[in-house]
Structures are given as structure tokens and as C-alpha cells.
Amino acid sequence: MCSKINTFGSMDNRPIGIFDSGVGGLTVAKAIAEELPNEQLIYFGDTAHLPYGDKSKESVRAYSNRITGFLLAKGCKAIVIACNTASAHAYSELKKFYPKIPIINVVNPTVNYCAEKYDQGKVGVIATKGTIQSRIYPRKIVKKNPNLEVPQNAAPLLVPMIEEGFFNNNISQTIINSYLSAKNFEDISALILGCTHYPLIKGEVERFFQGKVDVIDSASVVAQYTKKILKKEGIASEHKKGENLFFISDFTESFEETSKLFFGQKIDLREERIWD
Ligand code: DGL
């Protein structure tokens with residue numbers, strides 16, 4: 001049941017817009033599809049500009065703004081930034097540009113989850129260079145809970161490695177082990193997978209820590225938070241309007257292959273060259 005009536009009636013079946021630099025954000029889309037089966041999703045993966053992790057703040061902001069415009073033109077009622085790098089660089093600006101639209105990022109729900117769950121100790125973060133340089137996780141977590149330490153390391157090889165389908169093999173385990181052996185990760189109680197590509201290597205990360213470290217992947221935390229926001233805003237849907245739609249800005253067969261792994265099933269990827 002919706003908590004309040006909106007201009008679309010008590011049932012708002014407009015789609016939810018979700019975007020990422022590529023297909024990694026499909027891990028978040030998958031969790032949202034499972035948590036909110038009555039919602040239609042419109043996904044946009046900016047494969048023409050992948051990876052965002054190495055781009056300047058200004059570029060990531062410009063891309064995020066253009067994509068949000070595209071999703072709103074498709075009638076989306078809320079936007080989920082399914083990318084940590086875009087959440088770090090573009091969230092505040094998008095909120096300013098679109099004050100009436102609920103905009104959800106992947107960082108804040110994860111920060112709240114950690115600050116509440118851990119009283120003290122070390123919560124580590126691995127993410128792209130852009131997210132690490134923004135220091136968004138340490139700043140926000142320590143502000144909420146000053147008893148926590150937040151060591152962090154950029155892991156720039158992981159996105160291309162995962163996009164190329166390298167996981168659960170010797171090569172991926174070697175690269176993952178090398179990042180996780182960092183000195184500042186000694187004695188961590190938890191590790192945030194601060195990139196939406198990383199849920200695919202969650203098992204390998206858990207194996208490295210032999211189950212002694214709580215490995216946090218934000219996809220399900222963000223899906224639950226999205227549900228809460230839709231309810232609070234009175235814009236949850238009771239009946240799914242139509243099939244989920246998936247757009248990417250540059251189509252290749254390899255993206256089609258990888259998208260199956262990220263979303264857990266075959267999806268129909270459509271190319272939309274919004275930059276032309
Ligand atoms: N999926 C993006 C994130 O969560 C990273 C991928 C990229 O570098 O584009 O930060």
C-alpha cells in the first residue's frame with residue numbers, strides 16, 4: 001500500500017531509472033528487481049565512456065547529468081546512481097539540478113549500514129581511483145561514527161578484469177590477493193566492496209579472508225533503501241507497467257555476454273547513442 005496519494009494516484013507505475021558507467025550497475029538493478037518485483041526498471045550503461053573510475057570529476061558529472069536527463073525523458077519517477085564513482089562525483093549536483101526527483105546513490109545506504117552495524121574497529125574499502133580519491137567513504141563513515149577507522153585502497157585492475165570475464169580463476173585470485181594483502185587492511189572487521197562491479201568477486205574476497213571479515217556488497221542494501229524511499233514518497237508501484245529496458249551507449253558482443261553474468265539472466269541490450 002502506498003503511504004500517500006500522488007499526482008499519479010495511489011499507484012505510481014512509472015519506471016525507476018538506474019545508471020552506471022557500464023554493466024556493473026546491473027548487480028544493483030538485479031537486487032532492485034528482486035526486492036521490488038512490481039517496478040519497471042530502465043537501465044542505462046554508459047559503455048562509451050567506461051571506465052568512470054579514471055575520469056575527471058567534471059567528466060563524470062557531465063555524463064551523469066546527460067544520462068539522468070535521458071532517463072527522466074523516458075518518464076522515470078526516481079533515479080538510482082548504481083555507480084560508486086558517479087555517486088562520489090555527481091550526486092550532490094544531480095540533487096541540485098533535479099530537486100523534485102528522488103535520487104538515490106550507492107554510497108549513503110552503505111555508509112549508514114556500516115556506521116550502525118560496527119561500534120568500533122576498522123572497516124576497509126576497495127574501489128576505483130575516483131572513489132578512493134574523493135575519500136567519500138572515510139569522510140561519511142567517520143562523521144557518523146568517529147570510533148571507526150576506514151582504511152581504503154584503489155583497485156584499478158578489478159573493473160577491466162571483471163568486464164573481461166576474469167573471475168573465479170587463478171588470474172583473478174592473484175590480483176585480488178595482491179590488493180587485499182595491503183598493510184592498512186590488517187585487522188579489518190569488514191570490507192566494503194565500493195564498486196558495483198565487485199559483487200562478482202565477493203566469493204573470492206571472502207575466501208581470501210577465510211570468512212573472518214564481513215564482506216559488504218551494497219547491492220542489496222541499496223535495493224532495500226530504494227524500497228523505503230519509494231514507500232516514503234508514496235510512489236511505489238503495485239503492478240509492473242512493462243518489461244525492464246536496458247540501454248547502453250556503445251554496443252559490443254562482449255557487453256552482451258558480461259551483462260548476463262551481472263544480471264543473472266540474458267537481457268536484451270539496446271544501443272542508444274545519446275552522445276551523438
Ligand atoms: N561501477 C563503477 C563504480 O561503482 C566503476 C566502474 C568504472 O570505473 O567505470 O564505481
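Counting from 1, residues in each chain are numbered in the order their sequence is written. In view of the model being predicted, local features appear only for residues whose pLDDT reaches at least 70, and side-chain atom pairs are presented and counted only at 80 or more, with totals across whole chains, interfaces and linings using the full set of residues. Only hydrogens and water are set aside; all other atoms, that is, all heavy atoms of the structure, feed into the side-chain values.

## Topic: the sheet that holds strand S4 (residues 103-105)
The strands making up a sheet are joined through hydrogen bonds of the backbone, oriented either antiparallel or parallel.
And step 1. Strand order across the open sheet formed by six strands is S4-S3-S1-S2-S10-S11, with parallel pairing between neighbours. Because the sheet does not close on itself, it has two edges, and the strands there are S4 and strand S11 (269-271). Adjacent strand axes in the sheet meet at a mean angle of 25 degrees when their direction is disregarded. Note: two strands are recorded as paired if DSSP finds a minimum of 2 bridges between them. A run of H or I in DSSP becomes a helix once it reaches four residues, and a run of E becomes a strand once it reaches two; helices and strands are each numbered from the N terminus. With axes taken as lines fitted to C-alpha atoms, and helix axes fitted only over the stretch in contact, angles between N-to-C directions fall between 0 and 180 degrees.

## Here's the deal with the site of the ligand
And step 1. Only a single heavy atom is needed: when it lies within 4 Å of a molecule or strand, its residue is near that molecule or strand. Around the ligand, a shell composed of 14 residues is seen, among which Ser 21, Tyr 52, Gly 53, Asn 84 and Thr 85 lie nearest.
And step 2. Residues adjacent in sequence count toward polar contacts only when both atoms are side-chain atoms; beyond that, a polar contact is any pair of N or O atoms within 3.5 Å, and within protein one must be able to donate a hydrogen and the other to accept it. Here an oxygen atom of the ligand sits 2.6 Å away from a polar atom, N or O, in the main chain of Tyr 52.
And step 3. One nitrogen or oxygen atom from the side chain of Thr 85 is found 2.7 Å from an oxygen atom belonging to the ligand.
And step 4. Taken by itself the ligand offers 300 Å² of open surface, and the protein chains cover 99% of this.
And step 5. The residue makeup of the shell around the ligand, split by class, is six nonpolar, seven polar and one charged.
And step 6. Residues from two domains meet in the shell around the ligand; each of domain 1 (16-105 + 221-271) and domain 2 (108-218) gives at least three. Per-residue accessibility takes into account occlusion by the displayed protein chains alone, with areas from the Shrake-Rupley method and a 1.4 Å probe. Each residue is assigned to one class: nonpolar for Ala, Val, Leu, Ile, Met, Phe, Trp, Tyr, Cys and Pro, charged for Asp, Glu, Lys and Arg, and polar for all the others, Gly among them. Note that domain bounds follow an automatic or database assignment of domains.

## Description of the packing of aromatic side chains
And step 1. Only centres within 6.5 Å qualify two rings of Phe, Tyr or Trp (six-membered ring in Trp) as a pair; their planes then separate them into stacked at under 30 degrees, edge-to-face at over 60, and tilted for everything else. Here the structure, examined in full by the defined rule, presents eight aromatic pairs.
And step 2. Taken together, the aromatic side chains of Tyr 43, Phe 246 and Phe 263 make up a single cluster linked through ring pairs.

## Some details on the pairing of strand S2 (residues 41-45)
Consecutive side chains along a regular strand alternate between the two faces of the sheet.
And step 1. Exposure is judged per residue with a 1.4 Å probe applied to protein chains only, and the accessible area is read against the type maximum: over 50% gives exposed, under 20% gives buried, and values in between give partly exposed. The element S2 is extensively covered by neighbouring structure, given that five of its five residues are classed as buried.
And step 2. Covered by surrounding structure in S2 are Leu 41, Tyr 43 and Gly 45 together with Ile 42 and Phe 44, the residues of both alternating faces.
And step 3. Here five bridges tie strand S1 (residues 16-20) to S2, and the two strands are oriented parallel to one another. When the bridges of S2 are listed, Gly 17 appears paired with Ile 42.
And step 4. Crossover handedness is defined by viewing with both strands directed away from the observer: a clockwise path from the first strand over the helix to the second marks the crossover as right-handed. As a crossover connection, the stretch from S1 through helix H1 (residues 26-35) into S2 is right-handed.
And step 5. With four bridges joining them, S2 and strand S10 (residues 245-248) adopt parallel strand pairing. Each residue of the ladder has a partner; that of Gly 45, found in S10, is Ile 248.

## Quick word on the packing of H1 against helix H11 (residues 253-263)
And step 1. Closest axis-to-axis distance for the H1/H11 pair is 8 Å, and the angle between their directions is 45 degrees. Classified by the angle their axes make, H1 and H11 are oblique. For the pair H1 and H11, the crossing hand works out as right-handed. From H1, Leu 26, Thr 27, Ala 29, Lys 30 and Ala 33 reach across to H11, where they touch Ser 259, Phe 262 and Phe 263. Under this scheme an angle from 65 to 115 degrees is roughly perpendicular, one under 35 degrees roughly parallel, and one over 145 degrees roughly antiparallel; angles in between are oblique. Throughout, a crossing is termed right-handed when the near helix is turned clockwise from the far one, and left-handed when it is turned anticlockwise from it by less than a right angle. Two residues qualify as a contact provided that any one of their heavy atoms is within 4.5 Å of a heavy atom in the partner residue.

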